[in-house]
Amino acid sequence: MTATYTFDVFSSLDGFGAAGGDWTGYWGKQGPELLDRRLALYDEEQRMVLGANTYRVFAQLLAANTEETVHDPWVTRLRNLPATVVSTTLEAPLDWPDATVVSGDAVDVVARLKEESEVPLRSHGSLSMNRALMAAGLVDRVQVTLFPVITGRTGLAPIFRGAADFDLELIESRTLDGHIQELVYRPTLHLITQPSTG
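Numbers given to residues run from 1 along each chain, matching the order in which its sequence is written. Local features in this predicted model are restricted to residues whose pLDDT is 70 or higher, and side-chain atom pairs enter the listing and the counts only when it is 80 or higher, whereas totals over whole chains, interfaces and linings include all residues. Note that the side-chain values use all heavy atoms of the structure and ignore hydrogens as well as water.

On to the environment of I159, then. With respect to the helices and strands, I159 occurs in the loop between β8 (155-158) and β9 (166-176). Overall, I159 belongs to the buried group, its relative accessible area being 1%. Put simply, I159 and N130 are 29 residues apart on the chain and 9.5 Å apart in space, counted from C-alpha to C-alpha. Residues are treated as being in contact if the distance between any of their heavy atoms lies within 4.5 Å. In contact with I159, not counting residues within four places along its chain, are F7, V9, F10, S11, G15, F16, G17, L127 and R131. By definition, any uninterrupted DSSP run of H or I lasting at least four residues is a helix, any uninterrupted run of E lasting at least two residues is a strand, and each is numbered from the N terminus. Partly exposed residues are those whose accessible area sits between 20% and 50% of the maximum for their type, while under 20% is buried and over 50% is exposed, using a 1.4 Å probe and protein chains only.

Structure follows, in structure tokens:
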């Protein structure tokens, strides 16, 4: 049996994973239900899978200690879970309590992890890596936490730009703090059917 892999991502309504300008973490929309839900998700036994860029962003935010959200209990829990960082540029040791650097193509690394891991796998962020994993059919669940903002001018990190086409089956949904949507989908690569020539 292979381990379940969840691509976990925060998003604005217009599909950006972050924003510049005067936006703060969570776009300033978090409340107690969101923070409790995140902690519950990360309290479960699992292994994190991060790309090199996402690892660097986390490490910089934690080192700078200027973003208030890095002190949220779920972030502390995430950082203390066992992690695999997929990178061809980083070398061990990493400034992360229980992280292993694995060099190679993310598709090969995650395919092997899914076969070998005894716990579920989860990735938060790591957009380009997860787009490639989705295209390879390795993502079992896409968990989108949708914040009630549109960041048309200041949006950064378009989540699905350049991704393949997917059909999504909604398997879970909930509203947090009255305005944040958590949507969990099962993705299936959308195959283009060719019209029959007759």
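Back to the text.
Further remarks concern the side chain of R38. Within the secondary structure, R38 is located in helix α1 (residues 32-43). Overall, the relative accessible area of 0% leaves R38 in the buried class. Setting aside residues up to four positions removed in sequence, R38 forms contacts with D8, F10, W74, H124, Q143 and T145.

Position of H124 among the secondary structure elements: in strand β6 (residues 121-124). Each C-alpha atom, one on H124 and one on D108, is 19 Å from the other, the two residues being 16 residues apart in sequence. Discounting residues that sit within four places of it in the chain, H124 has contacts with D8, V9, F10, R38, Y42, M48, L50, T54, F58, W74 and L78. Polar contacts involving the side chain of H124 include one to the main-chain carbonyl oxygen of D8, which spans 3.3 Å. Counted as a polar contact is a pair of N or O atoms within 3.5 Å, where, for protein atoms, one must be capable of donating a hydrogen and the other of accepting one, and residues adjacent in sequence contribute only when both atoms are in side chains.

Pairs of aromatic rings are described using the distance from one ring centre to the other and the angle between the two planes. A pair of Phe, Tyr and Trp rings is counted when the ring centres sit within 6.5 Å of each other, with Trp represented by its six-membered ring. The angle between the planes then sorts it: under 30 degrees is stacked, over 60 is edge-to-face, the rest tilted. Applying the stated criterion across every chain yields a total of 9 aromatic pairs. A centroid spacing of 6.3 Å and a plane angle of 75° characterise the contact between F7 and F160, whose relative ring orientation is edge-to-face. Within this pair, whereas F7 is found in strand β1 (residues 5-12), its partner F160 is found in the loop between β8 and β9, the two being separated by 153 residues in sequence. Judged by relative accessible area, which is 0%, F7 ranks as buried. Judged by its relative accessible area of 39%, F160 falls in the partly exposed class. By way of ring pairs, the aromatic residues F10, Y26, W27, Y42, W74 and F147 are connected into one cluster. For a ring to carry a charge above it, either NZ of a lysine or CZ of an arginine must fall within 6 Å of the ring centroid while also lying within 35 degrees of the normal to the ring plane. The ring of W74 is capped by R38, whose NZ or CZ atom sits 4.6 Å from the centre of that ring. Note that R79 overlies the ring of W96, its terminal NZ or CZ placed 5.4 Å from the centroid.

Another aspect to go through is the environment of D98. Structurally, D98 can be placed in the loop between β4 (83-86) and β5 (99-102). Taking the C-alpha atoms as reference points, D98 and A3, separated by 95 residues in sequence, lie 19 Å from one another. Residues within four places of D98 in sequence aside, it is in contact with L81, P82 and A83.

Bringing the sheet that holds β4 into the picture now. Within a sheet, neighbouring strands are paired by backbone hydrogen bonds and run either parallel or antiparallel to one another. Two strands qualify as a pair provided that DSSP identifies no fewer than 2 bridges between them. With mixed pairing, 8 strands are arranged side by side in an open sheet as β5-β4-β3-β6-β1-β7-β10-β9. Looking at which strands have only one partner, the edges of the open sheet turn out to be β5 and β9. Across the sheet, the axes of successive neighbouring strands diverge by a mean angle of 25°, strand direction being ignored. The sheet contact formed by strand β3 (residues 47-51) and β4 spans 4 bridges and is parallel. The residue of β4 that forms the bridge with G51 is V86. Fitted lines through C-alpha atoms give the axes, limited to the stretch in contact for helices. The angle between two N-to-C directions lies from 0 to 180 degrees.

Before going further, it helps to spend a moment on the nonpolar core. We define the nonpolar core as a collection of buried residues of types Ala, Val, Leu, Ile, Met, Phe, Trp, Tyr and Cys that are connected through side-chain atoms lying within 4.5 Å of one another. Y26, Y42, Y55, W74, L78, W96 and F147 are the most contacted members of the largest nonpolar core, which totals 26 residues. Breaking this core down by element, the ones donating at least two residues are α1, β3, α2 (52-64), α3 (73-80) and β4. Sorting elements by how many residues they give to this core places α2 first, with 4 residues. Residues contacting W96, with those up to four places away along its chain left out, are L50, Y55, F58, L62, L78, R79, L81 and A83. In terms of nonpolar packing, the next biggest core, distinct from the first, is built from 21 residues, A3, V109, L121 and V144 among them.

Another point: the pattern of salt bridges. Salt bridge, as used here, is a side-chain nitrogen of Lys or Arg placed within 4 Å of a carboxyl oxygen of Asp or Glu. Summed over all chains, the structure comprises 11 salt bridges. A salt bridge links R37 to E182, with the shortest nitrogen-to-oxygen separation between them at 2.8 Å. Here E182 lies in strand β10 (residues 180-189) and R37 lies in helix α1, a separation of 145 residues in the sequence. For the pair shown, R37 and E182 are each scored as buried. A salt bridge links E172 to R141; its shortest N-O distance comes to 3.1 Å. Of this pair, E172 sits in strand β9 while R141 sits in strand β7 (residues 141-147); the two residues are 31 residues apart in sequence, bridging distant segments of the chain. In this structure E172 comes out as partly exposed when scored by relative accessible area, which is 28%. In this structure R141 comes out as partly exposed when scored by relative accessible area, which is 21%. Here the salt bridges share partners, and the residues they tie into one network are R37, R141, E172, R174 and E182.

Note that all results are geometric; they support no functional claim without further evidence.
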